Each structure stands twice: as C-alpha cells, then as structure tokens.
Amino acid sequence: MDFFRPPPALDFTETNLAESWKRWRQCFENFMLAAEKTTKPEKTKIAIILSCIGQEGVEVYNSFVFEAGKETLQEVLSKFGDYCAPMKNVVFERFNFFRCFQKGQNIESFVTELKNLAGTCEFKEDRDDLIRDRVVIGIRDVGMQERLLREPDLSLDRAVEFVRTSEISKRQIASMNAGPSECCCTGSTPRTRAGGSRSMNTGPFVNTVAPDLHRGRGSGGSRLFRCQACGRIHQQRGCPAQGKPCFRCGDMGHFRNMCRGKQRPIARSLEVQEIAATHRRITSDESDSSEVPLFIDSLDSMVSERSNEWTKVITVHLNQCLFTVTFKLDIGAEANILPLNAICGLESKIQLEKTNTVLVSYGNFKIKPLGVVMLECSYDNFSPVGIKFFIVDTNSKPLLGLNACQKLNLIQRICEVKGDQKSEILEIYQDVFKGLGTFPDDPYHVELKPDSVGVVHPPRRVPQVIRGKLKDTLDDLENRGIMKRLTILLTGFKVW
C-alpha cells in the first residue's frame, strides 16, 4: 500500500484557531480516506487522530467528557470543533484583511489570498464588494488603480479581468522590446584591440560577464552580468537603463556614465530656435538618479481673471543689448523660468549650459529644462544683478522666484509693522482730548424698576501701602471739580 503523509500537529496558539482547526480537519479526513483508515474500529481511528494532532491536542482531549459507549471519531471531531470555535477573533481577522496588499504576486494569487482572508471575516453578502475594494486599493500599479476608479459599476470579476489583462500585456511588451541593447542579449565579452583596450564602436551594447562573478548565480539561478548599459551587476532582463535616455549623447538604452558615443555639446552658441528639439517632458518614473528636483509653484494658470497677479517689467541685459520682459512674481518658487517664446525674437545669441535640475510644479508634474543661462537683470535705478534662468519650451509667463525678487528689491520680509498714529488721532478728535469730558448740562434721569431693592455695600478696604497715593488722587479730583465730598449724617463717615 502507498504511504500517505499524515497532517502535522495542530498549533493551538494560532490567533484564529477556528480556521486552523477547519483546515487541519480537512487534511486529516483526506488522510484517513487516502490511507483507507475509514473502515478501522472507532478506537483505532481515535488513536490515529490523537497521534496526528500533537501533545497539546492530547491534553485537550483528556479534558473531554464522553457518554458511555458514545466515544466515536465524529464525536471527538465535534468536541475539538467546539473547543476551537470560541477562539475565533473576527475583529483581528478583518484587520488582517484590510491591510493586505499585493506583494509581488500576480492578480490571481492576490485575489486567492484575499478570499482566504475574507472567509474568516463573516462579511456575508458584502464579501465580493469588499474583496473588490481591496483589489483596487492593494494593487501596485497606480495607473491601473486610476483606470479601475474610472470604471462605473465595477464588479470583482471585471476588476480582476482588467488587472490580469494589464499584467499579460506588460509581459508581452517586455518580451517584444527585448533586443540587443538589453542586458540579456549575450554573455560573451566584446572584442578588444591590441593592448587589451575595449573597442570604442558605437554599436549595440554587449554585456560582459564580470571577471569576479563569472561563476556567480542570481537568486533564480541565472548568471550575473556586469552590464555595459548601466554599469551595474545584475541578472538578465533586469537592466534599469532600458528605455531611458542618455544625457550625454541623447540615445536610448544606456546611462551617461556608460556612454561611448560622441557628446552633444549643449553649452555652445546657438540660435534659440534650435534648442526647441532637445527638450523633453519627463514623468516621475523617468527621472535619472543624478537629477536634482527643484520646486516651482506654477508655469501657467487656466483662470481667466488675472487682475490679482503680481507682475513687474524687468530690464534684461544680453550682449550689450537691453530688452524688457514682464515677469510674474512668485515667492513660492525656487527657480526663475524664462519661456522659449520670450526670447525667440532676439537677434542676439545665447549660450545654454546643460543642467540636471528637474522643475517640479504643484501636482508633481515634472519638466526637463532645455538648459540654464545667467542673465543680468535690473529694475528701476538699481544696479544689474546676475540671475540664473531655466529655459523651458512652454506657453507660459516668465517667472521670478523668491531669491530673484529679493535680489532686485522687489519684495522684503517684514515681521512687524510700526507706526506713530497718536498724533493723527489727536488731530482728528481734538474736541475729545481738550479739557475735561462732561455730561450735558441737563441732569441725567435714572429710572428704577418698581420692585427694585437697594443694596448697601460695606466700604472697601484700602491697603496701607497705597493709602497715601489714593488720598492724593481723591484730593486732586475734588480740587478739579470732578468729585465732591459728602458727609453722611447717620454714620459720620466721609465718602466720595
């Protein structure tokens, strides 16, 4: 008879013991059926389950109480089920479900994991909807998330089908783009000239096996290569330079540090119309590791009402020529922007220098500048100051950032506003601050409620320290006619 492996011992320390018991019982019943043990006597079947369930399970079994003559395998399984059922924690199971994300597996494996987790959460009729929500939230592809969110009346099956189609198409595109410029093209070393120097041909990149890693293996058993496109050591079909441009020669498929082509001079005298073809808008995943992001507030506004914008006409000095440009003042920007169309009509030539800076606007929209240029700028009668401008090919207003606005004395940081308004107030309200203020000559009539009751308060005690000052003040008010001294005949006290 064939040998069938029994299930491992049940772990009674599991957080969801009820689900663990359910799976263990299924494995045990399959073992009994496959090993043809179902026809054995009841005592034999009970001995088999106690041998499989482990020492902790035997201790739990010893706590069970059976009626005389009714100790059967089904009864033992029922009592184990009753023992494990109270250990289920639905709140913790739902916590595990809602924090589940796609971790490198395909969509089928991810959905299977979600369904297994949902089986212990008691979602009932909302089960498929909640699994659909986790699929949309938990997948790694942000673009596919946006696609699923735009889909009306999205169901679980449609969501899985969308993601599956996207994954298949990406694998197919990766296979179609696999060419000689990719790291998987060959494992042979390139031909060398006499003396051992590497050939400087500009043909397709050929990967070489690293001398110290010719016996190395990757995690999947494939050989490791020192890639001639990115300069790193990795497995086949994993080059980070695939589809990326070189910032030295402009070709695709390799990084600048591994470029063997002719450098395209950027810092040269050229007509401004010629630099339009060299620009490139890049997305967040296309930026090179050497690029420096620089935040700009905005390049353009779609709002038609622009009356509140701060603009200034600045004089720009270029090759002993002067021309004026209307700049938008933006103290939230870290860069100064000069659009290409603002300088296209100039007769003078400009020299652009290459830059690794990436302009980042609000919303993480990135623009690669055509270049950078230093220009002398002045405002009113101030001396010209040097300001660095990034040249971009966008239909937008020229922009002056915070540092440039401070250099040109267009703005100042004011932490406190001080002003002498006393004399102005005294001038406006002269009649109020002359002499003593008095009520009108007519006596003021005070009416009391018919049921009002008078209250007599005891005299307030004055501290000995300020009695002298208080007496001098009261005497002064009496002499000026503001107060009058009265004598209460009943008590003999003098009061004011």
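Predicted model, so just to flag it, every value in this text is computed and none were measured.

S.K.: Sorry, what's going on with the overall build of the chain here?
M.R.: Helix and strand content of the chain: 12 helices and 15 strands. Considering only residue pairs separated by 6 or more positions, the chain has 54% of its internal contacts joining residues 24 or more positions apart. Accessible surface, the chain: about 34,000 Å² in total, of which carbon and sulfur atoms supply 52%.

S.K.: In this structure, what is going on with the side chain of Ser378? I would like to understand it.
M.R.: With respect to the element layout, Ser378 can be found in strand 11 (residues 371-378). Here Ser378 falls in the buried class, since its relative accessible area comes to 9%. At a separation of 3.0 Å, a polar atom in the side chain of Ser378 contacts the side chain of His317.

S.K.: Is there a simple way to think about the UniProt feature "domain: CCHC-type" (unreviewed entry) in the chain in this case?
M.R.: Mapped onto the present numbering, the UniProt feature "domain: CCHC-type" (unreviewed entry) falls at residues 246-260. Secondary structure content for residues 246-260 is 0% helix and 0% strand, and the end C-alpha separation is 10 Å.

S.K.: When you look at the state of the cysteines in this model, what are you seeing that I'm missing?
M.R.: Disulfide: a covalent bond formed between the sulfur atoms of two cysteine residues. On inspection of all chains with the given rule, the structure shows 0 disulfides. With no disulfide of its own, Cys259 has Cys249 as its nearest cysteine by sulfur position, at a separation of 3.5 Å.

S.K.: What is the right way to look at the pattern of salt bridges in this model?
M.R.: By the definition in use, this model includes 15 salt bridges. The salt bridge involving Glu113 is made with Lys103; its shortest N-O contact spans 3.4 Å. Taken as a pair, Glu113 in helix 6 (residues 107-118) and Lys103 in the loop between helix 5 (90-98) and helix 6 lie far apart in primary sequence, 10 residues in all. With relative accessibility at 27%, the residue Glu113 sits in the partly exposed group. Using a relative accessible area of 57% as the deciding quantity, one classes Lys103 as exposed.

S.K.: What's the story with unusual backbone geometry in this structure? I'm lost.
M.R.: Both trends apply: most residues other than glycine have a negative phi, and most peptide bonds are in trans. For Glu36, which is not a glycine, the phi torsion comes out positive at approximately 60°. Along the chain, the position of Glu36 falls in the loop between helix 1 (17-34) and helix 2 (42-53). The phi angle at Asn409 is positive, at roughly 60°, despite the residue not being glycine. Looking at the element boundaries, Asn409 is found in the loop between helix 10 (402-407) and helix 11 (422-428).

S.K.: What exactly am I supposed to notice about the pairing of strand 9 (residues 357-361) here?
M.R.: Remark: a regular strand shows side chains that alternate across the two faces of the sheet. The buried fraction of strand 9 is high, at 5 of 5 residues. Going residue by residue along strand 9, you find Thr357, Leu359 and Ser361 tucked away on one face and Val358 and Val360 tucked away on the opposite face as well. Inspection of the sheet shows strand 9 paired to strand 10 (residues 365-367) by 3 bridges, in the antiparallel sense. Bridge pairing in strand 10 links Leu359 to Ile367. Where strand 9 folds back onto strand 10 in an antiparallel hairpin, the turn is made up of 3 residues, including Gly363, whose phi is positive at roughly 100°.

Rules used throughout
- Residues numbered from 1 in each chain as written.
- Predicted model: local features only at pLDDT ≥ 70, side-chain atom pairs only at ≥ 80, totals over all residues.
- Heavy atoms only, no water.
- Helix = DSSP H or I, 4+ residues; strand = E, 2+ residues; numbered from the N terminus.
- Contact = heavy atoms within 4.5 Å.
- Areas by Shrake-Rupley, 256 points an atom, 1.4 Å probe, with all protein chains shown as cover.
- Buried < 20%, exposed > 50% of the residue type's maximum accessible area, 1.4 Å probe, protein only.
- Polar contact = N/O pair within 3.5 Å; in protein donor to acceptor, adjacent residues only side chain to side chain.
- UniProt positions renumbered as here; feature names shortened; annotations may be inferred.
- Disulfide = S-S within 2.5 Å.
- Salt bridge = Lys/Arg side-chain N within 4 Å of Asp/Glu carboxyl O.
- Pairing = 2+ DSSP bridges.

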